[in-house]
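An overview of the molecular structure
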Amino acid sequence: MINDISNNNTYDAIIVGAGFAGLYQLICLRDQLGLKCLILETGDDVGGTWYWNRYPGARCDTESHAYSYYFSDELLKEWSWTERYPGHAEIREYINFVAKKFDLKKDILFNNKVTSSTFNESENNWSLITENGNQFKAKYLISAVGCLSNANIPNIKGLNTFEGKYYHTGNWPKNDVSFTNKKVGQIGTGSTGIQAVPVIAANAKHLTVFQRTANYSVPARNQPLNDDFKEHVKADYKNYREFLKRTPNGHPFDISERLVSDVNEDERNEIYEKAWEKGGLQFRATFQDLVTNLDANNTAAEFIKQKIRKTVLNNKFADILSDIDHPYAGKRPPIDSHYFEAFNRDNINLVDLRADPIKHIDEKGIQTKQDHFDLDIIVFATGYDAMTGPLLNLNITGKDNLKLSDYWKEGPKTYLGLQIAGFPNLFTITGPGSPSVLTNMPMAIEQHVEWIRDCISHMNKKGYSLIETNNKVSEEWGQEVNKVANKTLLPKVKHSWYLGANIPGKPQVFMPYAGGLPKYNDICNDVKKNDYLGFNLS
Ligand code: NA7
């Protein structure tokens, strides 16, 4: 056990988080730059998001051959995914495979949740303390904490009196939760809730779904991958790499250049029908203007609402599920495996919280305004304090005793989502203001991690010891993030976690950069070429 600061606890770089981002950052800094590095991780194994998200039906919504590291040819040749969309257990296997291949675990300290991070101005380094009292110092602090790792359980009166068990999907127990013979209530119908419903319903005695906002969903059409496809991916990985890096969202499909107004109604419906049959996030890519033009968007929205009405046989449920109040893909668009079909089971109920809100939870279950629901288990699929929550949890204090929570009181301010003014030598992988959650995450991660590697390498070569951005460029970048977002329908959606609107009291600022990964990459490369313009190196 490490308990005090000695030379052994002093590092060139400390990375917080052992998910996709943290592991690749360790490879880059330790193996490519030869730095002394350590990863601090809350969990007892690698995986990040996928360490915590083990809820029933948990599956990535990026196709497996794209949801991969692309930095290593060898790795691409060695690993084969088994399904079109990887399930949580297989993703953990993959991350463990990577950790083993690159011998990463020896530089990861598990069960060490960072509770305080303070910049020492006299020493130009960071001090870190973990929950169990361990202390560390590092020249560079690199957050790889993920965007969706701060589970949000809403503050519902009486939860502590509930005699059954309750779980948040983003904090799911490692040992299986049994639903056999249990009456289950699930709150939340975002991407997660939509994945969980069919699996829980198939295993529980009864499931009651509590829906606040109806949501679109397109079938994922998940299926096992055949050998031909696996071979094709291995043979073609160089083309995939090139493709994934040049497409705006880092997904393995093109976004059509055609506008909705370019085709007539029959053609349009045929296009939607084909995309519906193919399944997946490609549905959003059928027309170029789906996320920028409300009239165009309405055609996709109406198509999906019709599908819901056709699929769900109970008219009351069909009405509740198709009464959607926001544009399609205005929130993260879920993809599902038989979500709407699950509402045709005999053991499911759906409560429209808009008409009948939750009043409180009691020993026996959930009390709404009109009804009481006896439950053995409550599943909270209620999302996250996204993007800023995981960073604020590190309790970061920068120069002049500036607390990140104070600096971000009005919402996150960053330069490129990479650095924060007043917090020198702190890098934030996929931080607010970067493309992050609007892309296939491993692509966004690789771009950030490599930029940070190149920046630190440059500093080492030039003999710099400090890098810091400033308020002016951060304000300008914030304006750019807003400007780009406002060209889309995304900032107009109520309750969206992209805006922080799902967390009571959280300042509402559109957080991810919506201009696409290639454009963002160009901007970052220009900054690099121009001697790290917007950063002060000393
Ligand atoms: P989301 O997308 O934030 O969804 C959370 C769901 O929980 C959503 O339906 C919310 O309704 C609902 N919610 C949240 N708080 C409450 C309260 N207090 N009462 C009732 N219902 C509530 O989180 P997910 O985990 O589904 O998805 C997050 C991302 O993880 C996803 O996009 C993937 O990238 C992986 P609301 O819509 O706010 O009315």
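Scoring rules and cut-offs
- Residues numbered from 1 in each chain as written.
- Predicted model: local features only at pLDDT ≥ 70, side-chain atom pairs only at ≥ 80, totals over all residues.
- Heavy atoms only, no water.
- Pairing = 2+ DSSP bridges.
- Helix = DSSP H or I, 4+ residues; strand = E, 2+ residues; numbered from the N terminus.
- Axes fitted to C-alpha atoms, helices over the stretch in contact; angles between N-to-C directions.
- Core = buried A, V, L, I, M, F, W, Y, C linked by side-chain atoms within 4.5 Å.
- Buried < 20%, exposed > 50% of the residue type's maximum accessible area, 1.4 Å probe, protein only.
- Contact = heavy atoms within 4.5 Å.
- Salt bridge = Lys/Arg side-chain N within 4 Å of Asp/Glu carboxyl O.
- Domains from an automatic or database assignment.
- Buried area = accessible area lost by both parts, 1.4 Å probe.

**Some thoughts on the sheet that holds strand β13 (residues 358-362)**
One open sheet holds the three strands; their spatial order is β13-β14-β15, and the pairing between them is antiparallel. Strands with a single pairing partner mark the edges of an open sheet, and in this sheet they are β13 and β15 (372-374). Averaged over all adjacent pairs, the angle separating strand axes in this sheet is 20 degrees, with direction ignored. Both strand β14 (residues 365-368) and β15 contribute to a ladder of three bridges, which runs antiparallel. Looking at the pairing, Q367 lines up with H372 of β15.

**Regarding the nonpolar core**
Counting residues in each nonpolar core, the largest one holds 82 residues, and the members touching the most others are L23 and W451. Per-element tally for this core: the top contributor is helix α14 (residues 441-462), with ten residues. With near-sequence residues (within four places) excluded, W451 lies in contact with L418, F427, C524, V527, K528, Y532 and F535. W172, A214, I304 and A342 belong to the second largest nonpolar core, which has 55 residues in total.

**Focus: the sheet that holds strand β9 (residues 206-211)**
The parallel open sheet is built from five strands, whose spatial order is β7-β16-β8-β9-β12. In this open sheet, the two strands that pair with only one neighbour each are β7 (165-168) and β12 (348-352). Sheet twist, expressed as the average angle between the axes of neighbouring strands with direction ignored, equals 15 degrees. Packing of helix α5 (residues 191-203) onto the sheet brings it into contact with β8 (183-187), β9, β12 and β16 (377-380), and relative to β8 it is tilted by some 170 degrees. Where helix α10 (residues 315-322) meets the sheet, it contacts β9 and β12, and its direction lies at approximately 50 degrees from that of β12.

**Here's the deal with the pattern of salt bridges**
Per the stated rule, a full pass over the model turns up 27 salt bridges. Where R59 meets E83, a salt bridge forms, and the shortest distance between an N and an O atom there is 3.2 Å. Within this pair, whereas R59 is found in the loop between α2 (49-52) and α3 (73-78), its partner E83 is found in the loop between α3 and α4 (88-101), the two being separated by 24 residues in sequence. Since its relative accessible area comes to 22%, E83 is described here as partly exposed. With its nearest N and O atoms 2.9 Å apart, the salt bridge here joins D454 to R453.

**Some remarks on the domain arrangement of the protein chain**
Examined at the domain level, the protein chain breaks down into domain 1 (10-46 + 104-150 + 386-537) and domain 2 (159-227 + 244-380). The C-alpha centroid of domain 2 is placed 31 Å from the C-alpha centroid of domain 1. Opposite the 19 residues of domain 1 that make contact, domain 2 presents 24 residues. Summed over both sides, the interface of domain 1 with domain 2 buries roughly 1700 Å², with 55% coming from carbon and sulfur. On the surface where domain 1 and domain 2 come into contact, there are two salt bridges. A salt bridge links K245 to E446; the nearest nitrogen and oxygen atoms lie 3.7 Å apart.

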